[in-house]
Amino acid sequence: MSWVAAVARLRARREPGVLVTVATVRGHAPRKAGAKLVVGRTESWGSIGGGNIEAVAIDRARELMGEPEPATEVLDFALNDKVSNRHGVQCCGGTVSVLLEPLPVVPAVAIFGVGHVGYELARILARHNLDLHLIDTRPEQLAEERLAVLADAEAQIHVHRTLLLPEEVLAELPPGAHVLIMTHDHAEDAALCDTALRTAGLGSIGLIGSSAKWTRFRKRLATEGGHDEATIDRIKTPIGLAEITGKEPATIAVSVAAELLLGFQKGQ
């Protein structure tokens, strides 16, 4: 498997990893600069030459995966019989520097309702390294030509076209996914709020709308849904940064995106 395919596999599994690259070589060494190894929690793909270099790199890569904020780092190796190595002697005679680049699990965001605000929000979030799920019961909102602006996205886009019961998509989302509810239909919003509160493993839950809308929803979630106050409080509304005001869709989208990104930075 190529290192590109291995990185894609980890991304699809939503598992952390580390990309290991031979950065510099002086003298004789098992592999040339540019050789790559992808390390996962229990598997690895590719090779940077085997022996002590590779074993130490794998050990350190898995240590990095356990750190809260892993950073890129460089390991230096002298390949001679005078150096005491953890995993045996490599005496090719040269020196090697190896670059370790963490591949963290990226955030996942689900936008329920790709109308005016949802569309602008998708355009902003698509420029970031995350998994972006777009859900709408209206086929025209998810038409290929409408989403063509996301073709060069850095995010991985997952489009869910569902004509009925969009709340069923909640069970398909990856663990920790952040949910934003902003459909065209208050009945859909209400069903999504209720199901989101019953779905284990989600991240934050945000609802767009007025205070009057939330007052009605809160009462229904308690009386008809049977949710207690603490559970209902998991839903944040209004969404976005209070400091960014304005009712234009693009302005609201900027505010919501900024709040999300701040949360990502804080590990929320």
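The present account deals with the structure reproduced in this document. All residue numbers refer to positions counted from 1 along the written sequence of the respective chain. Local features in a predicted model are, by the rule used here, given only for residues with pLDDT of at least 70; side-chain atom pairs are given and counted only at 80 or more, and totals for whole chains, interfaces and linings are based on all residues. Processing note: side-chain calculations cover all non-hydrogen atoms of the structure and skip hydrogens and water entirely.

**Digging into the side chain of lysine 213**
The way it works is that DSSP assigns letters per residue, a run of H or I at least four long becomes a helix, a run of E at least two long becomes a strand, and they are numbered from the N terminus. Topologically, lysine 213 is positioned in helix H5 (residues 211-223). With relative accessibility at 4%, the residue lysine 213 sits in the buried group. Two residues form a contact once any of their heavy atoms are found within 4.5 Å. The residues contacting lysine 213, other than those within four sequence positions of it, are His186, Asp189, Leu207 and Ile208. A 1.4 Å probe rolled over the protein chains alone gives each residue an accessible area, and that area as a share of the maximum for its type sets the label: buried under 20%, exposed over 50%, partly exposed in between.

**A few points about the environment of serine 204**
Residue position: serine 204 is located in the loop between helix H4 (186-198) and strand E10 (205-207). Among the residues examined, serine 204 registers a relative accessible area of 36% and is labelled partly exposed. Put simply, serine 204 and arginine 234 are 30 residues apart on the chain and 7.2 Å apart in space, counted from C-alpha to C-alpha. Beyond its immediate sequence surroundings of up to four residues, serine 204 is in contact with Ala177, His178 and Val179. A distance of 2.8 Å separates a polar atom in the side chain of serine 204 from a polar atom in the side chain of histidine 178. What qualifies as a polar contact is a pair of N or O atoms within 3.5 Å, subject to a donor-acceptor requirement within protein and to the restriction that residues adjacent in sequence count only when both atoms come from side chains.

**Digging into the nonpolar core**
In plain words, nonpolar cores are sets of buried Ala, Val, Leu, Ile, Met, Phe, Trp, Tyr and Cys residues tied together by side-chain atoms within 4.5 Å. The biggest cluster of nonpolar side chains holds 24 residues, and the ones touching the most others in it are Val109, Ile111, Leu121, Leu125, Leu132, Leu134 and Leu180. Ignoring any residue separated from it by four or fewer positions in sequence, one finds leucine 125 in contact with Val109, Ile111, Leu130, Leu132, Ala155, Ala257 and Leu260. Grouped together as the second largest cluster of nonpolar side chains are 23 residues, Ala110, Ala177, Leu192 and Leu202 included.

**What to know about H4**
A rise of 1.5 Å per residue sets the reference length of H4, with its 13 residues, at 18 Å; its end C-alpha atoms lie 19 Å apart and thus fit the reference within 8%. Listed as buried for H4 are Glu188, Asp189, Ala190, Leu192, Cys193, Ala196 and Leu197. Its side-chain oxygen at 2.8 Å from the backbone nitrogen of alanine 187, aspartate 185 defines the N-terminal cap of H4. In this analysis, the expected span of each helix is defined as 1.5 Å times one less than the number of residues it contains.

**Quick word on the sheet that holds strand E2 (residues 36-39)**
By definition, two strands form a pair when at least two bridges between them are found by DSSP. Spatially, the five strands line up as an open sheet ordered E3-E2-E1-E5-E4, and their pairing is antiparallel. Here the strands that pair on one side only, and so sit at the sheet edges, are strand E3 (44-46) and strand E4 (73-78). Taken pair by pair, the neighbouring strands of this sheet meet at an average axis angle of 20°, ignoring direction. Here strand E1 (residues 17-26) pairs with E2 via four bridges, running antiparallel. The residue bridging valine 18 from the neighbouring strand is valine 39, located in E2. Only the stretch in contact is used when a helix axis is fitted, and all axes are lines through C-alpha atoms; the angle between N-to-C directions ranges over 0 to 180 degrees. Relative to E2, helix H1 (residues 3-13) is tilted by about 15°, and along the sheet it contacts E1, E2, E3 and strand E5 (95-103).

**Things to note about the packing of helix H3 (residues 116-125) against helix H7 (residues 249-265)**
Direction vectors running N to C along H3 and H7 enclose 50°, while the axes themselves pass 8 Å from each other. For the element pair H3 / H7, the angle class is oblique. Along this stretch, H3 crosses H7, giving a crossing that reads as right-handed. Contacts between H3 and H7 pair His116, Val117, Glu120, Leu121, Ile124 and Leu125 from the former with Pro249, Ala250, Ile252, Ala253, Val254, Val256, Ala257 and Leu260 from the latter. Taken together, the residues of the contact of H3 with H7 sort by class into twelve nonpolar, one polar and one charged. When describing relative orientation, an angle under 35 degrees is termed roughly parallel and one over 145 degrees roughly antiparallel, while 65 to 115 degrees is termed roughly perpendicular and anything else oblique. Take the far helix as your reference; a near helix turned counterclockwise from it by less than a right angle gives a left-handed crossing, and one turned clockwise gives a right-handed crossing. Under the scheme applied here, ten amino acids are nonpolar (Ala, Val, Leu, Ile, Met, Phe, Trp, Tyr, Cys and Pro), four are charged (Asp, Glu, Lys and Arg), and all others, including Gly, are polar.

**Focus: a nonpolar patch on the surface**
Residues Leu163, Leu164 and Leu165 make up a contiguous nonpolar surface patch of roughly 350 Å² in combined accessible area. Inspection of the secondary structure assignment puts leucine 164 in the loop between strand E8 (156-161) and strand E9 (178-181). To count toward a patch, a residue needs a relative accessible area above 30% and no salt bridge. Like charges then connect within 9 Å, nonpolar side chains (Val, Leu, Ile, Met, Phe, Trp, Tyr) within 5 Å. Computed with the Shrake-Rupley method and a 1.4 Å probe, the accessible areas treat only the protein chains shown as cover for residues. When a carboxyl oxygen of Asp or Glu lies within 4 Å of a side-chain nitrogen of Lys or Arg, that pair is called a salt bridge.

**Observations concerning the packing of aromatic side chains**
Side-chain rings of Phe, Tyr and Trp (the six-membered ring for Trp) are treated as a pair once their centres are within 6.5 Å; stacked means planes under 30 degrees apart, edge-to-face means over 60, and tilted covers the remaining angles. Tallied over the full model, the rule gives zero aromatic pairs. Just above the ring of tryptophan 3 sits the side chain of lysine 36; from NZ or CZ to the centre is 5.1 Å. Criterion for a charge above a ring: Lys NZ or Arg CZ within 6 Å of the ring centre, and within 35 degrees of the ring normal. The positively charged end of arginine 146 is found above the aromatic ring belonging to tyrosine 119, 4.2 Å away from the centroid.

**Digging into the packing of H4 against H5**
Direction vectors running N to C along H4 and H5 enclose 50°, while the axes themselves pass 11 Å from each other. As summarised for this structure, H4 and H5 are arranged oblique, according to the angle between their axes. For the crossing formed where H4 meets H5, the hand is right-handed. Residue-level inspection shows His186, Asp189, Ala190, Cys193, Asp194 and Leu197 of H4 in contact with H5, the latter providing Lys213, Arg216, Phe217, Arg220 and Leu221. Here the contact of H4 with H5 is built from residues that sort into five nonpolar, one polar and five charged.

Read these as spatial facts, not as claims about activity.
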